[in-house]
Amino acid sequence: LPQNQQMILKAASVIGRIFALDLLRQILQTILNVSYPDEASWMSDISALEGMDLIALKSEDPVSYMFQQSMTQEVLYDLMLRSQQSTIHESIARYFEAHMLDDPSSFPILAHHYRKAGVLDRAVHFYAKSGEQALANYANREAWGFFHEAIEVQSSLVPPEQVAPQSKVVPTNTWFILSWKRQMG
């Protein structure tokens, strides 16, 4: 495969099995320094990958594609350096935060990408918001999962051994954890 097509596949693998074309192009340009002189050459590479049955059109509004095989996405993702993965995950999270913050369905996506990027405070925030949204929709099992993730990530931010045993002050993260556990039941 030509270099640009390889980069398209690698960047798409970080986004996920289904990926929006505008997000993919933005990541290619801003993070991976892959640019196209015109729309025709960009779509030519997309069409070539589609012709090889690596990706397929998923939706036309907004334009999104998907990997034909989940194994292809996983292998491509694993071929990337962790630092590259992390940078792309953070860019994806920032993109969603800038463009879809009003859409609660984007909260789990934000949490996932921030966690993978290592921006754990933002991951906790969006796992908690996901849990709250799930509770509001009476999706208790889903809410439990999101709060569990929030607690797990929050606990890794300030490990218990770093809190002085004689301290009378309850650390902030403990308040969050107690609140989420109470909501989980």
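The sections below set out a description of the structure shown in this document.

Parameters at a glance
Residues numbered from 1 in each chain as written. Predicted model: local features only at pLDDT ≥ 70, side-chain atom pairs only at ≥ 80, totals over all residues. Heavy atoms only, no water. Axes fitted to C-alpha atoms, helices over the stretch in contact; angles between N-to-C directions. Helix = DSSP H or I, 4+ residues; strand = E, 2+ residues; numbered from the N terminus. Left-handed = near helix turned anticlockwise from the far one by under 90°. Contact = heavy atoms within 4.5 Å. 1 Å grid on protein atoms, 1.4 Å probe; cavity = no way out; pocket = protein on both sides within 12 Å on 5 of 7 lines; lining within 4 Å. Points joined across faces, edges and corners; volume = space filled by probe spheres on them. Nonpolar A, V, L, I, M, F, W, Y, C, P; charged D, E, K, R; others polar. Pairing = 2+ DSSP bridges.

## Re the packing of helix H1 (residues 3–15) against helix H2 (residues 21–30)
For step 1, the next point in the chain: At their nearest, the axes of H1 and H2 sit 10 Å apart, and the two run at 115° to each other. Read as a crossing pair, H1 and H2 show a hand that is right-handed. On the side of H1, the interface is formed by Met7, Ile8, Ala11, Ala12 and Ile15, while H2 contributes Leu23, Leu24, Ile27 and Leu28.

## Quick notes on the layout of surface pockets
For step 1, the next point in the chain: Approximately 280 Å³ is the volume attributed to the largest pocket.
For step 2, the next point in the chain: Elements with a contribution of two residues or more to the lining of the largest pocket: strand S1 (18–20), H2, helix H5 (82–100) and helix H6 (107–117).
For step 3, the next point in the chain: In terms of residues, the lining of the largest pocket owes the most to one element, H5, which gives 4 residues.
For step 4, the next point in the chain: A per-class count over the lining of the largest pocket returns 10 nonpolar, 4 polar and 1 charged.

## Topic: the sheet that holds strand S2 (residues 55–60)
For step 1, the next point in the chain: Spatial ordering of the open sheet is given by S1-S3-S2, a layout of 3 strands whose pairing is antiparallel. Edge strands, defined here as strands with exactly one partner in the open sheet, are S1 and S2. Taken pair by pair, the neighbouring strands of this sheet meet at an average axis angle of 30°, ignoring direction.
For step 2, the next point in the chain: Docked against the sheet, H2 engages S1 and strand S3 (63–67), running at close to 75° with respect to S1.

## With respect to the pairing of S3
For step 1, the next point in the chain: The sheet contact formed by S1 and S3 spans 3 bridges and is antiparallel. By the bridge assignment for S3, alanine 20 is matched with serine 64.
For step 2, the next point in the chain: Alignment of S2 against S3, held across 5 bridges, turns out to be antiparallel. Bridge pairing links leucine 57 to tyrosine 65 in S3.
For step 3, the next point in the chain: Hairpin connection, S2 to S3: the antiparallel pair is bridged by 2 residues.

## A short note on unusual backbone geometry
For step 1, the next point in the chain: Residue proline 62 follows aspartate 61 across a cis peptide bond; omega there is -5°.
For step 2, the next point in the chain: Residue position: proline 62 is located in the loop between S2 and S3.
For step 3, the next point in the chain: The backbone of asparagine 33 shows a phi angle near 55°, a positive value even though the residue is not glycine.
For step 4, the next point in the chain: By the element assignment, asparagine 33 lies in the loop between H2 and helix H3 (39–51).
For step 5, the next point in the chain: With a phi close to 60°, tyrosine 138 is a non-glycine residue in the positive phi region.
For step 6, the next point in the chain: Positionally, tyrosine 138 belongs in the loop between helix H7 (120–136) and helix H8 (140–157).

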